[in-house]
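Chain residues, written in single-letter form:
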Amino acid sequence: MTVHFIGAGPGAPDLITVRGLRLIESCPVCLYAGSLVPEAVVKAAPEDAKVLDTAPMTLDEIVDEMAAAHERGQDVARVHSGDPSLYGAIAEQIRRLKALDIPFDITPGVPAFAAAAAMMQTELTVPEICQTVILTRTAMKSSKMPEGEELSTLGRSGATLAIHLSVRNIPHIQRELLPLPAYGEDCPAVIAYRVGWPDEAFIHGTLGDIHRKAREAKLTRTALIFVGRALGAEDFIDSKLYDAGHVHVMRPRRKQAAV
């Protein structure tokens with residue numbers, strides 16, 4: 001028996017990995033985060049499977065279901081949105097499973113930031129503009145941010161920021177980033193709303209006006225905020241990856257043809 005933590009991707013049922021889908025199809029117990037994982041994903045569970053939405057459940061209740069399945073010798077598909085390694089709340093579940101000596105494994109999924117970048121048709125790392133992406137959030141009702149992970153500290157890098165769980169905290173984001181030279185009023189910003197769902201939407205603006213645009217769109221949850229100069233950048237050099245003059249082990253220097 002194994003508890004399989006499965007990343008379901010950002011929302012679109014066809015963005016789950018083949019491995020993840022096959023595990024759901026084979027497990028007699030399926031626990032899924034219904035507030036973020038569409039039912040279409042878990043419809044792949046066997047017809048007689050026990051399928052539970054864990055959104056209204058406590059950690060104790062979820063682990064009790066896993067333990068009961070373990071007693072019955074039944075595998076569990078524990079389905080989370082995006083990739084479970086990012087804000088998946090799997091750490092506390094894994095700690096409980098280890099204490100109970102219940103086997104588990106993890107199947108990665110497409111993270112929301114990657115799916116959003118694909119839909120925006122953009123690269124988050126652009127040569128000589130930005131080569132770093134920081135995934136972070138801000139503190140609201142959830143646990144506080146550790147010391148040293150404030151946006152004002154992270155923003156000193158000038159990286160592309162993918163800020164999770166913070167669409168209701170944009171004024172704080174502006175206060176932290178606007179004074180920094182890498183950002184400022186005109187720095188591109190995008191809100192990616194419910195990426196991969198039928199009602200997904202993208203709001204493009206700047207760090208200076210993105211709060212107003214979010215309020216006009218009445219966005220209050222399930223959104224990811226991008227801030228950085230790489231967004232929509234056009235005036236940049238080509239990377240060295242495919243540069244004809246850049247020699248590497250896979251593309252050695254070519255011999256000149258004899259005249």
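Every chain's residues receive numbers from 1 upward, in the order its sequence appears when written. Local features in this predicted model are restricted to residues whose pLDDT is 70 or higher, and side-chain atom pairs enter the listing and the counts only when it is 80 or higher, whereas totals over whole chains, interfaces and linings include all residues. With hydrogens and water stripped out, all remaining heavy atoms of the structure feed into the side-chain values.

*Asks:* Help me understand the packing of aromatic side chains, please; the structure alone is not making it clear to me.
*Replies:* Each aromatic ring pair is summarised here by two numbers: the centre-to-centre distance and the angle between the ring planes. Only the six-membered ring of Trp is used, alongside the rings of Phe and Tyr, when aromatic pairs are assigned; centres must lie within 6.5 Å, and planes under 30 degrees apart are stacked while those over 60 apart are edge-to-face, with the rest tilted. If you walk through the whole model with that rule in mind, you get one aromatic pair. Consider the rings of F5 and F104, whose centres lie 6.2 Å apart with planes at 80°: the pair is edge-to-face. Separated by 99 residues along the polypeptide, F5 in strand 1 (residues 3-7) and F104 in strand 5 (residues 104-107) bring together distant segments of the chain. Burial status follows relative accessibility: with a 1.4 Å probe on protein chains alone, a residue under 20% of its type maximum counts as buried, one over 50% as exposed, and anything between as partly exposed. On the basis of relative accessibility, which here comes to 28%, the residue F104 falls in the partly exposed class. The aromatic ring of W197 is capped on one face by R194, whose charged end is 4.2 Å from the ring centroid. To qualify as a helix, a DSSP run of H or I must reach at least 4 residues; to qualify as a strand, a run of E must reach at least 2; elements of each kind are numbered from the N terminus. Only Lys NZ and Arg CZ are tested; either one counts as a charge over a ring when it is within 6 Å of the ring centre and within 35 degrees of the ring normal.

*Asks:* Any chance you could explain the environment of Y87 here in plain terms?
*Replies:* Mapped onto the elements of the fold, Y87 is located in the loop between strand 4 (76-80) and helix 4 (91-99). You can call Y87 partly exposed: its relative accessible area is 41%. It is 9.4 Å that separates the C-alpha atoms of Y87 and T136, two residues lying 49 residues apart in sequence. Only heavy atoms matter for contacts: two residues are in contact if any of them lie within 4.5 Å across the pair. Excluding residues that lie within four positions of it along the chain, Y87 makes contacts with L135, T136, R137, H164 and L165.

*Asks:* Sorry if this is basic, but what is going on with the sheet that holds strand 6 (residues 133-137) here?
*Replies:* Strands pair, by our definition, only if DSSP identifies at least two bridges between them. Strand order across the open sheet formed by five strands is 6-7-10-8-9, with mixed pairing between neighbours. Each edge of the open sheet is held by one strand with a lone partner, namely strand 6 and strand 9 (201-206). Adjacent strand axes in the sheet meet at a mean angle of 20°, parallel and antiparallel pairs treated alike. Summarising the sheet, strand 8 (residues 188-193) and strand 10 (residues 223-227) pair through five bridges and their orientation is antiparallel. Under this scheme, a helix contributes an axis fitted over its contacting stretch, all axes are lines through C-alpha atoms, and angles between N-to-C directions fall in the 0 to 180 degree range.

*Asks:* Would you mind showing me how to read the domain arrangement of the protein chain here?
*Replies:* Where interface size is quoted, it is often the accessible area lost as the parts come together. The split of the chain into domains comes from an automatic or database domain assignment. Considered domain by domain, the protein chain is made up of domain 1 (3-107) and domain 2 (112-232). Between domain 1 and domain 2, the residue contacts involve nine residues of the former and 13 residues of the latter. In this description, buried area is defined as the sum, over both parts, of the accessible area (probe of 1.4 Å) that is lost when the two are combined. Looking only at domain 1, the three residues that lose the most surface to domain 2 are P10, L86 and Y87, adding up to 60% of its buried area. A side-chain nitrogen of Lys or Arg and a carboxyl oxygen of Asp or Glu constitute a salt bridge if their distance falls within 4 Å. The tally of links from domain 1 across to domain 2 stands at zero salt bridges. Pairs of N or O atoms are called polar contacts if they sit within 3.5 Å, as long as, within protein, a hydrogen donor faces a hydrogen acceptor (for residues adjacent in sequence, only side-chain-to-side-chain pairs). Viewed at the interface, domain 2 and domain 1 are joined by four residue pairs in polar contact (both at pLDDT 80 or more).

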